[in-house]
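# Working through the structure, step by step
The lines below spell out each chain.
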Amino acid sequence: MSPLRQRYFIVISYVGLLILGLGGVLLIPLVSLFFFPGEVSYLKSFLVPSLAAIGGGFSLWRGFRLKGEALPLAAPDAALIVTFIWIAAVILGAIPFILAQVLSPLNAVFESMSGWTTTGLTMVNPDKVPHIFLFWRSLMQFVGGAGLVVIMLSAIVGSLGPGVYEAEARSDHLVPHVMHTARMIIKIYLGYYLIGVVLYRLAGMDLFDSLSQAMSALSTGGFSTHSANIAYWHSLPVEVVTIVLMLLGTTNFATHHVLLASRGRKGFRDTELKLMGWLIIVITPLIAFSLFRSGLGNLGDSFRKGLFQVVSALTGTGYSTTNLNNWSDFPIFLLIILMIVEGGTGSTAGGIKLYRAAIIIKSIWWWIKKQFYPSSAVIQRAIWRRGERLEVQDKHIQAVAGFIGLYLLTYLVGVLIFLGSGFSLRQSMFEFASAMGTVGLSLGITAPNMPLGTKVAEIFGMWLGRLEFIAIFHAFIRIGQDLKMSKNKRGQG
């Protein structure tokens, strides 16, 4: 068998294995039937796609699995696996909504993409949807936030799959071995989740809401079990617990590992954490004062609303405790900036990421310092990451600048699509920043009746934002190169 053919056999077999795993995930929402037995009629909406995924995935895995020693799984191959499995996950995630006639096919795909990418923009009214689908929405975010492929594949293929970790837009390994990394993520993630459930119960939520909201909050997803979102509870303790979970979810898993491994203050030196702290400290008072001046509440209420929305936007969660349509342009613009920058690398969030923003900000400062120093002077360029001091080289700055440029260019294209559909500049910038940053905050224009072009643009924006372009580009470039190579071989034959 040729190396090219062998590589694709490996890719297809692992995709099959992941689809098999997704079939198992589709069975988990059936747990909600213990809380709401009257919804048993929706059993087949999950059972049918689950059995199909298990059967189809097992067939692909066994049919294409290679015997003996296989080729190493390179990054482009991992990108193919990630791209294909995300497409499969979105389709499988949409099927229950379609079979139960809860959503149209396109709206179901939108909801599924929003779930797996932990965005939180929605096509449903939670108050009118059966609880089993509310649980499914939260579960998609929980699994997608931890890393759909990292968790399901890395723990299985071990040393064959280091490229998979990077292909899912994650670069910081907690421990040298990818399999151990995946297991460590699971332990940290599940531990925080259980703590979140307990805290929500103590804050006054019922058990079903606690189980669902903790999944969405920790995954920085933002799906809620009520149309009023977090404002439904009108509870300061609920908001505090939610803020804590959002901050935990948006922090790099590697930083969590450093903090939990008793490395003292090393973890708190992390540049991403410092930038996140400064953004919250600086922008919260600005928004609070703007709300107060606009008459949207007293100073205390304005600060409470401002802090929650700042953390929600910066962490990429999308939870809300107020109607953003009542806000003036100034605080809305600040939220747009946060939604573009938000998220820690190797976390559950999307966006440009705080690490890249920190690199660019510091690069500008280093450049300014260089203008006032002698040409022979050496400017120290370093940041703190994962508890260690990292020397920043020119290649790091170039890579960051290239990614940010690509991100902003794509963002502008999306904004133009919204403008072309008749939305205002304020609405267009806010809504697409939310979709591409996988945030979920909305000015109310993301709805089942929104224009087709903007709905499709948001679907692709969520996908690109979650995978950070790289995996998708790698996948299509690899397919193109392989097709060209195969064509040349046939021509020579």
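Higher on the page you've got the structure.
Quick summary incoming for the structure in this document. (Residues numbered from 1 in each chain as written. Predicted model: local features only at pLDDT ≥ 70, side-chain atom pairs only at ≥ 80, totals over all residues. Heavy atoms only, no water.)

Moving on to a nonpolar patch on the surface. Together, Ile364, Trp365, Trp367, Ile368, Phe372 and Tyr373 line one region of the surface with nonpolar side chains, adding up to about 730 Å² of accessible area. Locating Ile368 in the fold gives a position in helix H14 (residues 354-372). Using a relative accessible area of 32% as the deciding quantity, one classes Ile368 as partly exposed. (Patch = residues over 30% accessible without salt bridge, like charges linked within 9 Å, V, L, I, M, F, W, Y side chains within 5 Å. Areas by Shrake-Rupley, 256 points an atom, 1.4 Å probe, with all protein chains shown as cover. Salt bridge = Lys/Arg side-chain N within 4 Å of Asp/Glu carboxyl O. Helix = DSSP H or I, 4+ residues; strand = E, 2+ residues; numbered from the N terminus. Buried < 20%, exposed > 50% of the residue type's maximum accessible area, 1.4 Å probe, protein only.)

Let us look at the side chain of Asn107. With respect to the element layout, Asn107 can be found in helix H4 (residues 105-116). Among the residues examined, Asn107 registers a relative accessible area of 8% and is labelled buried. Once you skip the residues sitting within four places of it in the chain, Asn107 turns out to touch Met123, Pro448 and Lys455. (Contact = heavy atoms within 4.5 Å.)

Bringing the nonpolar core into the picture now. Judged by nonpolar contacts, the single largest core of 130 residues is most densely connected at Trp116, Trp136 and Phe430. In terms of residues, this core owes the most to one element, helix H3 (residues 75-99), which gives 12 residues. Contacts of Trp136, omitting those with residues within four sequence positions, involve Val25, Leu26, Pro29, Phe46, Gly93, Pro96, Phe97 and Trp116. (Core = buried A, V, L, I, M, F, W, Y, C linked by side-chain atoms within 4.5 Å.)

For the rest of this paragraph, the subject is helix H13 (residues 329-341). Between its first and last C-alpha atoms H13 spans 18 Å; for 13 residues at 1.5 Å apiece the expected length is 18 Å, and the two agree. Among the residues making up H13, those that are buried are Pro331, Ile332, Leu334, Leu335, Ile336, Leu338, Met339, Ile340 and Val341. After H13 finishes, the residue Gly343 shows a positive phi value of roughly 95°. (Expected span 1.5 Å × (residues − 1).)

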